[in-house]
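# Examination of the molecular architecture
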Amino acid sequence: MAFADGVADFRSDTVTRPTAEMLAAMASAEVGDDVYGDDPTVNALEEESAEVVGKQAGVFVPTGTMGNQLSIMYHTSPGEEILADQGTHSRSVERGGPQALSGVAFRTTSGEGGRITPEDVEEAMEWAGFFPRISLMIWENTHNLSGGRVIPLDLMTETSSAARRHGLSIHIDGARIFNAVAATGVPAHRYAETGDTIQFCFSKGLGAPIGSVVCSDRETIDEIRYLRKRLGGGMRQVGVIAAAARIALRDRQRLVEDHVLAGKLATRMAELFPGSVEPADVETNIVNVAFEKVGLAWDEVAGRMRDDRILVNAPFGNWWRLVTHRDVDDSDVDRLIEALR
Ligand SMILES: Cc1ncc(COP(=O)(O)O)c(C=O)c1O
């Protein structure tokens, strides 16, 4: 459904506003002091989350960034390295968090769509003992910067087995894991079993205003909960936001609608500007457009978007990212395409 104020916002799937049902649940949430473990709404959310991804326990955190950073703090020691795709969010967008908070650097791979192969692992480990120790591998599924691409389960299974043979821990940045689930029908717990920890966000396409969760075995989550307090992430009557997150989690299959809409946007964009989008690569809710192929000056596009009350991010070089979510619909896509036409 489009926003009531008539703005069509394609900047991100984080721009959604809480639904009336979420707001009602927030207003009537049963709460307690979560640092004492007393908040029943948070406890329920953590249990439901862990169950969905087939892990023993979960810990609620305010953001996906904190979920990733806590997991990195837990799995690594200063001086070590993380094996991950070069464009992975925890390396590229989290503002040096791993370097500052954990004292670790990255050893990067550059596979299509954020994929890491068993050969990548073998290559990285070839000189183990000579170069810095690699103690952790990070998956990101779906992979944001490559356009919401899904990492296939088979590849995750094979590569994680190779990493485990070398003693690496594995974290999954599953900020959008339910987009992967909605796109493939593979249950979330199958993806999650290829990692030791997984974090996912309630505040992206799922539509809750705030919140993520890290799930793992009970002992790991106890320690991550301890580290969360260190970062100031021990929240008190936080059931008021967990209540919205529970609804987001319950309704996760709705993401399929965002994928259908992104497919429509990609097809229409490719018709209007041949070569700007490869519709077959649009597997979930993110459409990466090659802006050069649009052939328009950015100032001209920006002005027209402003006039038509359409919000889009500026391209970064040739990369122009458009995102669908629960608060844009068919008519918003029509408006966007018409404005560009
Ligand atoms: C793949 C991925 N991981 C982590 C995050 C961080 O989430 P947050 O914005 O809640 O910190 C994002 C945010 O867009 C993301 O796309």
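Residues numbered from 1 in each chain as written. Predicted model: local features only at pLDDT ≥ 70, side-chain atom pairs only at ≥ 80, totals over all residues. Heavy atoms only, no water.

On to the pattern of salt bridges. Tallied over the full model, the rule gives 24 salt bridges. Asp13 is the salt-bridge partner of Arg176, the closest N and O atoms lying 2.8 Å from each other. With a gap of 163 residues between them, Arg176 in the loop between strand E6 (169-173) and helix H8 (177-184) and Asp13 in the loop between strand E1 (8-9) and helix H1 (20-27) connect regions that are remote in the sequence. For Arg176, a relative accessible area of 6% corresponds to the buried category. What you see here is one network of salt bridges that share partners, running through Glu112, Arg149, Asp281 and Glu283. (Salt bridge = Lys/Arg side-chain N within 4 Å of Asp/Glu carboxyl O. Helix = DSSP H or I, 4+ residues; strand = E, 2+ residues; numbered from the N terminus. Buried < 20%, exposed > 50% of the residue type's maximum accessible area, 1.4 Å probe, protein only.)

Another aspect to go through is empty space enclosed by the protein. Using the criterion set out here, one finds one cavity of 30 Å³ or more in the structure. If you add up the space inside the largest cavity, you get close to 50 Å³. The element that contributes the greatest number of residues to the lining of the largest cavity is H8, accounting for three residues. Here the lining of the largest cavity is composed, by residue class, of six nonpolar, three polar and two charged. (1 Å grid on protein atoms, 1.4 Å probe; cavity = no way out; pocket = protein on both sides within 12 Å on 5 of 7 lines; lining within 4 Å. Points joined across faces, edges and corners; volume = space filled by probe spheres on them. Nonpolar A, V, L, I, M, F, W, Y, C, P; charged D, E, K, R; others polar.)

Moving on, we get to the state of the cysteines. Evaluated as defined, the whole model comprises zero disulfides. Counting only cysteine sulfurs, Cys215 is the nearest neighbor of Cys201, a cysteine outside any disulfide, at a range of 12 Å. (Disulfide = S-S within 2.5 Å.)

Within the span of helix H15 (residues 330-340), buried status applies to Asp332, Val333, Leu336, Ile337, Ala339 and Leu340. The arc that holds every buried residue of H15, seen down its axis, measures 160 degrees, which confines them to one face. Its buried side turned inward, H15 meets E1, helix H12 (255-272), helix H14 (298-307), strand E10 (310-311) and strand E11 (319-323). (Arc of directions from axis to C-beta. Contact = heavy atoms within 4.5 Å.)

In this section: the packing of aromatic side chains. Applying the stated criterion across every chain, the model contains 10 aromatic pairs. Ring geometry for Phe60 and Phe202: centres 6.2 Å apart, planes at 55 degrees, overall tilted. You can see Phe60 sitting in strand E2 (residues 57-61) and its partner Phe202 sitting in the loop between strand E7 (197-201) and strand E8 (212-216), a full 142 residues away along the chain. Of the two residues, Phe60 and Phe202, both sit in the buried class. Here the aromatic rings of Phe178 and Phe200 are separated by 5.0 Å at their centres, their planes lie at 80 degrees, and the arrangement is edge-to-face. In this pair, Phe178 is assigned in helix H8 and Phe200 in strand E7, connecting sequence segments 22 residues apart. Of the two residues, Phe178 and Phe200, both sit in the buried class. Members of the aromatic cluster, connected to one another through ring pairs, are Phe60, Phe178, Phe200 and Phe202. (Phe/Tyr/Trp six-rings, centres within 6.5 Å; stacked < 30°, edge-to-face > 60°.)

What follows concerns a nonpolar patch on the surface. A surface patch of nonpolar side chains, amounting to about 390 Å² of accessible area, comprises Trp127, Phe130 and Phe131. Along the chain, the position of Phe130 falls in the loop between helix H6 (118-125) and strand E5 (134-140). Overall, the relative accessible area of 61% leaves Phe130 in the exposed class. (Patch = residues over 30% accessible without salt bridge, like charges linked within 9 Å, V, L, I, M, F, W, Y side chains within 5 Å. Areas by Shrake-Rupley, 256 points an atom, 1.4 Å probe, with all protein chains shown as cover.)

Rolled over the atoms, a probe sized like a water molecule indicates the empty space that remains. Each pocket or cavity is described by its volume, and for the largest pocket that value is around 260 Å³. Taken together, 13 residues make up the lining of the largest pocket; nearest its centre are His89, Val93, Asn144, Arg176 and Arg321. Looking at the lining of the largest pocket residue by residue, the class counts come to three nonpolar, five polar and five charged.

What follows is about the sheet that holds E8. One open sheet holds the seven strands; their spatial order is E2-E8-E7-E6-E5-E3-E4, and the pairing between them is mixed. Edge positions in the open sheet fall to E2 and strand E4 (105-109), since each of these has one partner strand only. When the angles between neighbouring strand axes are averaged without regard to direction, this sheet yields 20 degrees. Taken together, the five bridges between E5 and E6 define a ladder with parallel strand orientation. Bridge pairing in E6 links Ile138 to His171. Its contacts with the sheet place helix H7 (residues 153-165) against E5 and E6, and it is angled at close to 170 degrees to E5. (Pairing = 2+ DSSP bridges. Axes fitted to C-alpha atoms, helices over the stretch in contact; angles between N-to-C directions.)

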